[in-house]
Amino acid sequence: MIDKFFESALAAVADVHDGATVLVSGFGTSGQPIELLEALAEQGARDLTIVCNNGGTGETGLARLIRLGRVRRLLASYPRGAEAMAFEEAYAAGKIEFECVPQGTLAERLRAAGAGLGGFLTPTGYGTRLAEGKETRVIDGVGYVFERPLHGDFALVKGERADRWGNLTYRKAGRNFGPPMCMAARTAIVQVSQRASLGGIDPEHIVTPGIFVKRLVQIDSVSGENHHG
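Worth saying up front: this structure is predicted, and the values here are computed from it rather than measured.

Q: Go over the packing of aromatic side chains with me, naming the residues and quoting the values.
A: Across all of its chains, the model carries four aromatic pairs by this definition. Ring geometry for Phe87 and Tyr91: centres 5.5 Å apart, planes at 15°, overall stacked. Taken as a pair, Phe87 and Tyr91 lie in helix 4 (residues 85-92) at a separation of four residues, close to a single helical turn. Classification of Phe87 by relative accessible area gives buried; the value is 3%. Ring centres 6.3 Å apart and planes at 85° place the aromatic pair Tyr91 and Phe98 in the edge-to-face group. Take Tyr91: its relative accessible area is 45%, and that puts it in the partly exposed class. With a relative accessible area of 24%, Phe98 lands in the partly exposed category. A connected cluster of aromatic rings, assembled from ring pairs, spans Phe87, Tyr91 and Phe98.

Q: Give me the lowdown on the environment of Gly55, citing residues and values where you can.
A: Structurally, Gly55 is set in the loop between strand 2 (48-51) and helix 3 (62-67). By relative accessible area, Gly55 is classed as buried at 1%.

Q: Outline the sheet that holds strand 6 (residues 136-139), listing residues and values.
A: Strand order in the open sheet made by the three strands is 5-7-6, with antiparallel pairing throughout. The sheet is open, and its two borders are formed by strand 5 (120-122) and strand 6, each paired with just one other strand. Each strand axis lies, on average, 40° off the axis of its neighbour in the sheet, ignoring direction. In this structure, strand 6 lies alongside strand 7 (residues 142-147), joined through four bridges in antiparallel fashion. When the sheet's bridge partners are listed, Ile139 is paired in strand 7 with Val142. Across the face of the sheet, helix 5 (residues 103-115) comes into contact with strand 5 and strand 7 while running at roughly 170° to strand 5.

Q: Pulling in residues and values, what's your account of the pattern of salt bridges?
A: Scanning the entire structure with this criterion turns up 13 salt bridges. Across the salt bridge formed by Glu99 and Arg109, the nearest N and O atoms sit 3.4 Å from each other. Of this pair, Glu99 sits in strand 4 (residues 97-100) while Arg109 sits in helix 5, and the two are ten residues apart along the sequence. Of the two residues, Glu99 and Arg109, neither departs from the other in class, the shared state being buried.

Q: Kindly report on a nonpolar patch on the surface, identifying the contributing residues and their values.
A: Residues Ile2, Trp165 and Leu198 make up a contiguous nonpolar surface patch of roughly 280 Å² in combined accessible area. Of the residues examined, Leu198 reaches a relative accessible area of 36% and is grouped as partly exposed.

Q: Describe in detail unusual backbone geometry, supporting the description with residues and values.
A: Even without being glycine, Asp47 reaches a positive phi, approximately 55°. Exposure remark for Asp47: the relative accessible area of 40% places this residue in the partly exposed category. At Asp140, a residue that is not glycine, the phi angle is positive and equals roughly 50°. Position of Asp140 relative to the elements: it lies in the loop between strand 6 and strand 7.

Q: If you had to explain the sheet that holds strand 12 (residues 194-195) to someone new, which residues and values would you point to?
A: Read across the sheet, three strands follow the order 10-9-12 without closing on themselves; strand pairing throughout is mixed. Since the sheet does not close on itself, it has two edges, and those belong to strand 10 (168-169) and strand 12, each with one partner. Sheet topology places strand 9 (residues 161-162) next to strand 12; two bridges connect them, and they run parallel. Paired with Ala162 across the strands is Arg195, a residue of strand 12.

Rules of the game
Residues numbered from 1 in each chain as written. Predicted model: local features only at pLDDT ≥ 70, side-chain atom pairs only at ≥ 80, totals over all residues. Heavy atoms only, no water. Phe/Tyr/Trp six-rings, centres within 6.5 Å; stacked < 30°, edge-to-face > 60°. Helix = DSSP H or I, 4+ residues; strand = E, 2+ residues; numbered from the N terminus. Buried < 20%, exposed > 50% of the residue type's maximum accessible area, 1.4 Å probe, protein only. Pairing = 2+ DSSP bridges. Axes fitted to C-alpha atoms, helices over the stretch in contact; angles between N-to-C directions. Contact = heavy atoms within 4.5 Å. Salt bridge = Lys/Arg side-chain N within 4 Å of Asp/Glu carboxyl O. Patch = residues over 30% accessible without salt bridge, like charges linked within 9 Å, V, L, I, M, F, W, Y side chains within 5 Å. Areas by Shrake-Rupley, 256 points an atom, 1.4 Å probe, with all protein chains shown as cover.

Structure below.
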């Protein structure tokens, strides 16, 4: 019987290794898998490359990982969001590398990885420092930058409902980068607040099919507690 639910967030992230590239969902704090990130902080992996829309908020989740010195490199669209002190201080001290990736480019690089594409051309960033060291072309008078797919060893994603096969739904804006990140990672780990029965999710409502999800953890959305299943 296929059942992808793990007993705890810590068990689900137990094999995240030093030096791994970890894709982290979230638009600000919306859809960010705080409990999985906290478990990763407890697990102890370091020298991580984190791909996320932002640089964390406050002192929990991604911000905590950065504060602990576990993140070697961050790829993000806007790392200096509200209360992003952990990133700002680490970057100012030269303790973390940063690559700025425009938000649409970030999404498309993830999608390209999940779709098995070799990359794509985009006008975003052409003629700027973001294009330095990258292949460029001019097509019909428009300049383009070649961007490569963005693969992950692991993805930490927040969904809303899942059945034991890993079929997922998301909650409103919390969906953001979750679907392409599940497809772009070798191992997608998803926390959800609701567990559905097999067949209990209308197939038309499934956003991420279970084939792209390796592990699940049910987290109470209010208390943050794990549900054993």
